[in-house]
Amino acid sequence: MIESLLVANRGEIARRIIRTGRRLGIRTIAVHSEADGALPFVTEADEAVCVGPANPAQSYRNVEAILDAARSTGAQAIHPGYGFLSENADFARTVEGSGLIWVGPGADAITAMGDKINARNLMAAAGVPGAPGTTEPAADLGAAVVAAAEIGYPVMVKAAAGGGGMGMGVAADEAALRTEYDKVRAFAERMFGDGSVLIERYFPRVRHVEVQILGLADGRVVALGERECSVQRRNQKLVEESPSPAVSPELRERFLAAAVRAGEAVGYRNAGTVECLLDPASEEFFFLEMNTRLQVEHPVTEYVYGVDLVEEQLRVAAGLAPAFDPDALAPRGHAIELRINAEDPKRFLPGPGAITTWNEPTGAGVRVDSGYVAGNTVTPFYDSLMAKLIVSGDTREEAVERARAAVAQFEIAGPKCNLPFFAELLENPEFLSGDYDTGIVSRMR
């Protein structure tokens, strides 16, 4: 097993990786910005190195500073978590070129899946179904208008290099397309340094379902079930659950087989997620994208399949066999994750601030992956995620009941917080029925 691990991330995911590292006897090294020096992940690591100011470009995305920290502490491997440099193929190559172990998929797989148009074409060649859309970037507005007319309105206008729900717009007609195309292109150039835009069919009522895959050290790709991710605001997830209440055993078999083909098509190693759109009426699903990293919502899979995905990432990176039997994977029970964000519960606008009260819920089937404690400050420099509340039960109904109790017990004061939204959602008849789609939040507001 790897002996020393630098975690090139912050907050709850850094703390979560450090927890598994400690259990496995691995020496852990945290890197942090000047703004994050007092957060729990810094003190819980065996060593910590400040890599720059609060601005992520000068700290968590500062490749040289992170590599210097790895060299100075004698780190053997680097785990990028999610966000920041986790899907940066150049960083992965640089890490490996420096003689360090990269805890993630190979740079070639990251590159192949990083461009949504290229990914769509690769998946089509592998027999993974995709939504109708462009196979090349729409070079200009005129090309986008022609493509949309062929595909049929409404269409989704999407940044080819985007991710995390960013860089997308919906156009119901040509007039809207002209506005959205310019808006998405400008956003993509500013945020991703790549203004390439694709056009694809937009489905007004759709579910967002993804499959967790793991490329093993021996070359096999296995699927660890699906996650339902349809509770979203601004195309960004708020709630995830596994198994999906929309997926029958027969549909699950098709989903998982397609996800394995997707991984095999790019020689995938380590943890990744194949995201799809599901038409609940026809049970047709379409490839959306592949996230070449650990997902925020990985804990629900851990509960249902009884695995530690961070441990499995480390084992793959070290060339070791998995700690589970790949031929005996089967889901047990149900798990739900709620993303506790520093944002107001109505409009979901960020609300950073100093935390004066932080009391986490406890009890059977309750897990909290948090990045903060009382006395810390949620700053405006990073994502608003403060913690993930994960609950599990033998049935979905039991998981929902435990989620209600846990939300009521969770006390946070200081920054704005979306806990009241979850209390409302957990009483919502549409959510409770399991028959919901990506429009559920907008219907609640």
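1. Let's talk about the state of the cysteines
If you walk through the whole model with that rule in mind, you get zero disulfides. In this structure cysteine 229 is a free cysteine whose sulfur lies 11 Å from that of cysteine 276, the closest cysteine sulfur available. On the basis of relative accessible area, cysteine 229 is assigned to the buried category, the value being 0%. On the basis of relative accessible area, cysteine 276 is assigned to the buried category, the value being 3%.

2. A short note on the packing of aromatic side chains
Overall, the coordinates contain twelve aromatic pairs when judged by the stated rule. With 5.6 Å between their ring centres and 80 degrees between their planes, tyrosine 60 and tyrosine 382 make a pair best called edge-to-face. Residue tyrosine 60 is found in the loop between β3 (47–52) and α3 (63–73), and its partner tyrosine 382 is found in the loop between β18 (377–378) and β19 (385–393); the two are separated by 322 residues along the sequence. Note on accessibility: tyrosine 60 and tyrosine 382 belong to one class, buried. Seen in terms of ring centroids, phenylalanine 203 and phenylalanine 286 are 5.1 Å apart; in terms of plane orientation they differ by 15 degrees. Their pairing is stacked. One end of the pair, phenylalanine 203, is in the loop between β8 (197–201) and β9 (207–215); the other, phenylalanine 286, is in strand β13 (residues 284–291), with 83 residues separating them in the sequence. In textbook terms, an aromatic cluster arises when at least three aromatic residues are bridged by ring pairs, as seen for Tyr60, Phe84, Phe381 and Tyr382. The ring centre of tyrosine 436 lies 4.7 Å from the NZ or CZ of arginine 207, which sits over that ring. The aromatic ring of phenylalanine 431 is capped on one face by arginine 396, whose charged end is 4.8 Å from the ring centroid.

Basis of the calculations
Residues numbered from 1 in each chain as written. Predicted model: local features only at pLDDT ≥ 70, side-chain atom pairs only at ≥ 80, totals over all residues. Heavy atoms only, no water. Disulfide = S-S within 2.5 Å. Buried < 20%, exposed > 50% of the residue type's maximum accessible area, 1.4 Å probe, protein only. Phe/Tyr/Trp six-rings, centres within 6.5 Å; stacked < 30°, edge-to-face > 60°. Helix = DSSP H or I, 4+ residues; strand = E, 2+ residues; numbered from the N terminus. Lys NZ or Arg CZ within 6 Å of the ring centre and 35° of its normal.

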